[in-house]
Amino acid sequence: MHNFIEAPICGGNERVQRPGPSDPEAARVVRRLLELASGPGDLVLDPFMGVGTTGVAAVEMGRRFVGMEIDARATWLPRSCGSRPHG
């Protein structure tokens, strides 16, 4: 047993080719953290949402999600998850 999560580092252009949570290694780490820290139906809060990796993983894992982001370019995520942004 160890106290860290192993995942390869994704570098280069894969991280910036398209907007959104497209880094599978980051998603893998977030999913593992959500498994350890929450259960299905729990509410996950991400006050620094960025590209939305945590939100996508939370919804896919059956968690409820609230995310906040001051960058208006990130507004694609609520639409893609079937909810609406609140202003």
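Because the structure is a prediction, the values reported are computed rather than measured.

Draft legend 1. Fine view of the pairing of strand β2 (residues 64-67). Strand direction decides the pairing type here: strand β1 (residues 43-46) and β2, joined by 4 bridges, are parallel. Note that in β2 the partner of Leu43 across the bridge is Arg64. Between β1 and its parallel partner β2, the chain crosses via helix α2 (residues 53-60), and the hand of that crossover is right-handed.

Draft legend 2. Spatial organisation of the nonpolar core. By size, the foremost hydrophobic cluster in this structure holds 6 residues: Val30, Leu34, Val44, Ala57, Ala58 and Met61. Looking at this core, the elements that each hand over two or more residues are α1 (24-37) and α2. With near-sequence residues (within four places) excluded, Val44 lies in contact with Leu34, Ser38, Thr54, Ala58, Arg63, Arg64, Phe65 and Val66.

Draft legend 3. Main features of the environment of Val66. The topology assignment puts Val66 in strand β2. With 22 residues separating them in the primary sequence, Val66 and Val44 have C-alpha atoms 6.3 Å apart. Sequence-distant contacts of Val66, that is, excluding residues within four places in its chain, are made with Leu43, Val44, Leu45 and Asp46.

Draft legend 4. The pattern of salt bridges, seen in detail. Counting across every chain of the model gives 2 salt bridges. Two residues, Arg31 and Glu60, come together in a salt bridge whose shortest N-O distance is 2.4 Å. Placement of Arg31 in helix α1 and of Glu60 in helix α2 is noted, with a sequence separation of 29 residues between them. Relative accessible area serves as the criterion here: at 30%, Arg31 is assigned to the partly exposed category. In this structure, Glu35 engages Arg32 in a salt bridge whose closest nitrogen and oxygen atoms are separated by 3.2 Å. Pair noted here: Glu35 and Arg32 are both in helix α1, with a separation of 3 residues, about one helical turn. The class of Glu35 is partly exposed, set by a relative accessible area of 47%. Look at Arg32 and you get partly exposed, because its relative accessible area is 36%.

Quick notes on the rules
- Residues numbered from 1 in each chain as written.
- Predicted model: local features only at pLDDT ≥ 70, side-chain atom pairs only at ≥ 80, totals over all residues.
- Heavy atoms only, no water.
- Pairing = 2+ DSSP bridges.
- Helix = DSSP H or I, 4+ residues; strand = E, 2+ residues; numbered from the N terminus.
- Right-handed = clockwise from strand over helix to strand, strands pointing away.
- Core = buried A, V, L, I, M, F, W, Y, C linked by side-chain atoms within 4.5 Å.
- Buried < 20%, exposed > 50% of the residue type's maximum accessible area, 1.4 Å probe, protein only.
- Contact = heavy atoms within 4.5 Å.
- Salt bridge = Lys/Arg side-chain N within 4 Å of Asp/Glu carboxyl O.

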